[in-house]
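What the coordinates show
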Amino acid sequence: MMKIKLVLLFAILILLITFISVNGWSSIPLGNNITTIFLQLVTIFLIYKYKKKIFPFNVSERGNYVFITLYLIWTYICIIRGVLIADNSIEYKQLIMGSISLIIPILSWLFYSPDKVAKIFSFWFKYALVAFFLFFYWIVGFSQFYLSPLLFFFCFFPLFPIKQRWFILTLGLLYCLCSGENRSQLIKGGFALFIGILCYKQNLLSNKLIKTGHILCYLLVFVLIGFTLKYAVNILTQKQYAEEITQDVEILSEDSRSLIYVDVINSAINNKYILCGRTPARGNDIVYSGVLFKWAYDDSFVFNKDERHYNEVVLLNIFTWEGFIGLILYSLIYIKASYLAVYHSKNKYISLLGCYIAFRWVYGWIEDVNNLDILNISLWMMIGVCYSSQFRNMSNNDFKTWIKKII
């Protein structure tokens, strides 16, 4: 009975977090920043409190979670450093928000057990979608900041019965086609559907081919740097001047990340926090990138010490707050998750999910703001599934049977 109540409690919390995840884009926000932080802190507290019940992993698995453990230890150290260096109310507020964002990997504990994952996301699918079409669609549209758990279903849509399969595929197409100017939603949704297509033909995929695809997903980072961040490379290697780019509207519309990279890297070098970070109480100096986002803030908004606390790029935020040490540990969490899924799974579906996680690490150099919202909950659910030996020990038929329980 206790287990059922605990799972239901987390399911309700995730549903509520889903509703408030779109507050920044909604004309009718639910609650405010204080209520959001309160809900996030309650969720974090309960995960820690009931860790042994929701995360009864085998002692032999301890080594699989070593990077999560090391990352969290480093995060606690950075939070303590933040308490020591914060010197005004804004920085203490930033410290709380940044700390919540940094502790997100504990969500992988919540999604260890297949039974709990099925109950939580069955609850989400049943109530969140109804609420979306009755209320949220009309105020935020087909937004990934509400519908991101569907990415998991897109990856495995061929495994459902025919009617549910077509329903999920239709949602997937709408997710991509109705993304508007949000290219990230289109890319993430499109890649998830591509994984789904591969699942449909999984019998034709050899383990060697999946392993090759896994490596190729990581190699996409070089394509990303070569094309998407070429202006950042040019500026940092002094082949081009940042002042010229800030005046070029065509370049800014084509590449909205290079100036952020330049500011983040130069800020770390100039203030000497490359290795250990500036702590979650502080942000990176704004020199060039302000042209990209200052227009979005109210004129009364104060940038503490002319710093931006966080950016749209998750891995840059990790670097700013926790330095190169935190960035490496955070990246290793993804790499270990995808490695376990691809090389230590008894079913091809989790192996393919490992390829999707590899892709999401690469895309973390472009977007994926780290915040305790439904977008990150869905991402860390997938990472948690890849870590879980209970999922990886399933056969193909076991996984097919399990996923049909969700809907």
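What this report covers is the structure whose coordinates are included nearby. (Residues numbered from 1 in each chain as written. Predicted model: local features only at pLDDT ≥ 70, side-chain atom pairs only at ≥ 80, totals over all residues. Heavy atoms only, no water.)

Quick look at the pattern of salt bridges
Taken as a whole and judged by the stated rule, the model has 11 salt bridges. The partner of E91 in a salt bridge is R282, and the shortest N-O contact between them spans 3.7 Å. Pair noted here: E91 is in helix α5 (residues 89-102) and R282 is in the loop between α16 (258-270) and β1 (284-285), with a separation of 191 residues, a long-range link. We classify E91 as buried; its relative accessible area is 0%. Relative accessible area serves as the criterion here: at 14%, R282 is assigned to the buried category. Sharing partners across several salt bridges, the network here consists of D87, E91, R278, R282, D285, K305 and E307. (Salt bridge = Lys/Arg side-chain N within 4 Å of Asp/Glu carboxyl O. Helix = DSSP H or I, 4+ residues; strand = E, 2+ residues; numbered from the N terminus. Buried < 20%, exposed > 50% of the residue type's maximum accessible area, 1.4 Å probe, protein only.)

Some remarks on the packing of aromatic side chains
Enumeration according to the criterion identifies 44 aromatic pairs in this entry. Both rings, one in F125 and one in F167, keep their centres 6.3 Å apart while their planes meet at 75°; by these two values the pair is edge-to-face. Residue F125 is found in helix α7 (residues 114-140), and its partner F167 is found in helix α10 (residues 162-177); the two are separated by 42 residues along the sequence. With a centroid separation of 5.8 Å and 70° between ring planes, the pair formed by Y334 and W380 is classed as edge-to-face. Placement of Y334 in helix α18 (residues 314-343) and of W380 in helix α20 (residues 374-387) is noted, with a sequence separation of 46 residues between them. On the basis of relative accessibility, which here comes to 0%, the residue W380 falls in the buried class. The rings of F125, F152, F153, F156, F160, F167, Y349, F391, F399 and W402 are connected pair by pair, giving a single aromatic cluster. Lying across the ring of Y50, K49 places its NZ or CZ 5.6 Å from the centre. Of note, R308 hangs over the ring of F293, and the distance from its end group to the ring centre comes to 3.7 Å. (Phe/Tyr/Trp six-rings, centres within 6.5 Å; stacked < 30°, edge-to-face > 60°. Lys NZ or Arg CZ within 6 Å of the ring centre and 35° of its normal.)

What to know about α18
With 30 residues, α18 should reach 44 Å at 1.5 Å per residue; the first-to-last C-alpha distance of 26 Å falls well below that figure. At E322, α18 shows its largest kink, close to 130°. Burial runs high along α18: 23 of the 30 residues are buried. (Expected span 1.5 Å × (residues − 1). Bend = angle between axes of the 7 residues up to and from the residue.)

Remarks on unusual backbone geometry
The phi dihedral of K272 falls on the positive side, at around 55°, and the residue is not glycine. Along the chain, K272 falls in the loop between α16 and β1. Residue classification places K272 among the exposed residues on the basis of a relative accessible area of 73%. Of note, D306 is a non-glycine position whose phi angle comes to about 55°, a positive value. Tracing the sequence through the fold places D306 in the loop between α17 (290-293) and β2 (307-308).

Some details on the side chain of S378
You can see S378 is positioned in helix α20. Accessibility expressed as a relative area gives 1% for S378, which makes it buried. Side chain to side chain, S378 and S148 meet in a polar contact 3.2 Å long. Within polar-contact distance, the side chain of S378 engages the backbone oxygen of L375 at 2.7 Å. Residue contacts for S378: discarding those within four places in its chain leaves S148 and P149. (Polar contact = N/O pair within 3.5 Å; in protein donor to acceptor, adjacent residues only side chain to side chain. Contact = heavy atoms within 4.5 Å.)

Some remarks on the packing of helix α4 (residues 66-85) against α5
Close contact between α4 and α5 brings their axes to 10 Å; oriented N to C, the two are set at 175°. Taken together, the axis directions place α4 and α5 in an arrangement best described as roughly antiparallel. Contacts between α4 and α5 involve Y71, T75, I79, G82, V83 and I85 on the former and, on the latter, E91, Y92, L95, S99 and L102. Grouping the constituent residues of the contact of α4 with α5 by class yields seven nonpolar, three polar and one charged. (Axes fitted to C-alpha atoms, helices over the stretch in contact; angles between N-to-C directions. Parallel < 35°, antiparallel > 145°, perpendicular 65-115°, else oblique. Nonpolar A, V, L, I, M, F, W, Y, C, P; charged D, E, K, R; others polar.)

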